[in-house]
Amino acid sequence: MNLQKTFIEEYKREMDMTRETLKSIPEDKLSWKPHEKSMTLGQLGLHIALIPGRLSELFSKLKREVPTVPLGEPESITQLLNALEESEIIAMKHLTIWNEEQLEADWSMVDGEQILMTEPRWVMIRSLMFNHLYHHRGQLTVYLRLLNISVPAIYGASAVENG
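Note that the coordinates shown come from a computational prediction; the quantities given were computed from them, not determined experimentally.

Parameters and conventions
- Residues numbered from 1 in each chain as written.
- Predicted model: local features only at pLDDT ≥ 70, side-chain atom pairs only at ≥ 80, totals over all residues.
- Heavy atoms only, no water.
- Helix = DSSP H or I, 4+ residues; strand = E, 2+ residues; numbered from the N terminus.
- Expected span 1.5 Å × (residues − 1).
- Bend = angle between axes of the 7 residues up to and from the residue.
- Buried < 20%, exposed > 50% of the residue type's maximum accessible area, 1.4 Å probe, protein only.
- Salt bridge = Lys/Arg side-chain N within 4 Å of Asp/Glu carboxyl O.
- Pairing = 2+ DSSP bridges.
- Axes fitted to C-alpha atoms, helices over the stretch in contact; angles between N-to-C directions.
- Contact = heavy atoms within 4.5 Å.
- 1 Å grid on protein atoms, 1.4 Å probe; cavity = no way out; pocket = protein on both sides within 12 Å on 5 of 7 lines; lining within 4 Å.
- Points joined across faces, edges and corners; volume = space filled by probe spheres on them.
- Nonpolar A, V, L, I, M, F, W, Y, C, P; charged D, E, K, R; others polar.

1. Quick look at helix 2 (residues 41-58)
Here comes step 1: For helix 2, with 18 residues, the first-to-last C-alpha span of 25 Å sits near the 26 Å given by 1.5 Å per residue.
Here comes step 2: Along its length, helix 2 shows its largest kink, about 45°, at Ile-51, and proline Pro-52 lies within four residues downstream of that point.
Here comes step 3: For helix 2, the tally of buried residues reaches 16 of 18 residues, placing the bulk of the element in the interior.

2. Quick notes on the pattern of salt bridges
Here comes step 1: A full pass over the atoms with the stated rule returns 7 salt bridges.
Here comes step 2: For Glu-9, the salt bridge goes to Lys-5, with nearest N and O atoms at 4.0 Å. Placement of both Glu-9 and Lys-5 in helix 1 (residues 3-23) is noted, with a separation of 4 residues, approximately one turn of the helix.
Here comes step 3: Where Arg-19 meets Asp-16, a salt bridge forms, and the shortest distance between an N and an O atom there is 3.4 Å. One end of the pair, Arg-19, and the other, Asp-16, are both in helix 1, 3 residues apart, so they sit about a helical turn from each other.
Here comes step 4: What makes Asp-16 partly exposed here is its relative accessible area of 46%.
Here comes step 5: Linked by salt bridges that have partners in common, Asp-16, Arg-19 and Glu-88 make up one network.

3. Some words on the sheet that holds strand 3 (residues 114-120)
Here comes step 1: Across the sheet, 3 strands lie side by side as 1-2-3; this open sheet has mixed pairing. Unpaired on one side and paired on the other, strand 1 (63-65) and strand 3 mark the two borders of the sheet. Neighbour to neighbour, the strand axes of the sheet diverge by 25° on average, direction disregarded.
Here comes step 2: Alignment of strand 1 against strand 2 (residues 106-111), held across 3 bridges, turns out to be parallel. When the sheet's bridge partners are listed, Lys-63 is paired in strand 2 with Ser-108.
Here comes step 3: Packed on one face of the sheet, helix 5 (residues 121-146) meets strand 2 and strand 3 and runs near 95° to strand 3.

4. Focus on empty space enclosed by the protein
The gaps of empty space that remain are located by a probe, the size of a water molecule, rolled over the atoms.
Here comes step 1: Evaluation of the coordinates by the stated rule reveals 1 cavity of 30 Å³ or more.
Here comes step 2: In this structure, the largest cavity spans a volume of roughly 30 Å³.
Here comes step 3: Forming the boundary of the largest cavity are Tyr-11, Glu-14, Met-15, Pro-52, Met-129, Phe-130, Leu-133 and Tyr-134.
Here comes step 4: Mapped onto the lining of the largest cavity, the elements with two or more residues apiece are helix 1 and helix 5.
Here comes step 5: Looking at the lining of the largest cavity, the element that brings in the most residues is helix 5, giving 4 residues.
Here comes step 6: Looking at the lining of the largest cavity residue by residue, the classes come out as 7 nonpolar, no polar and 1 charged.

5. Section: the environment of Ile-8
Here comes step 1: Considering the arrangement of structural elements, one finds Ile-8 in helix 1.
Here comes step 2: The buried category is assigned to Ile-8, whose relative accessible area is 14%.
Here comes step 3: Setting aside residues up to four positions removed in sequence, Ile-8 forms contacts with Met-92, Leu-95 and Thr-96.

As structure tokens, this is what we get:
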């Protein structure tokens, strides 16, 4: 199995579904949130849009400090989609550069001199860059449902499409 090819194919499929999900967000609901401790709909959408690019940059070096994760508030759906497009380009650049040896290389997150975790780079890509994105995209579909907004098909037809 070619890990790089597998990741690239999955990434392309998932970005199409992510784009459709972000397009479902109503612009007048960007500041809505389901709970006082939750992200707003806009913050969640922007976080989703930025995950691929920011995390691929994070994994571009084999040792990184714990990142800060700012939660910006987008002003429009266009801003979200532009952020996703830029993020996709950055992530694809890294995914196409990393060969099997680089994907197998140990990647570490550190806090100063303390090593917090070390895993092969491909494990971190799978866990944080891919699964993390899917987790938040799932949250986004719940937000949309709570607002009675149609959820696009992700892994098969949605309830709206099934009637």
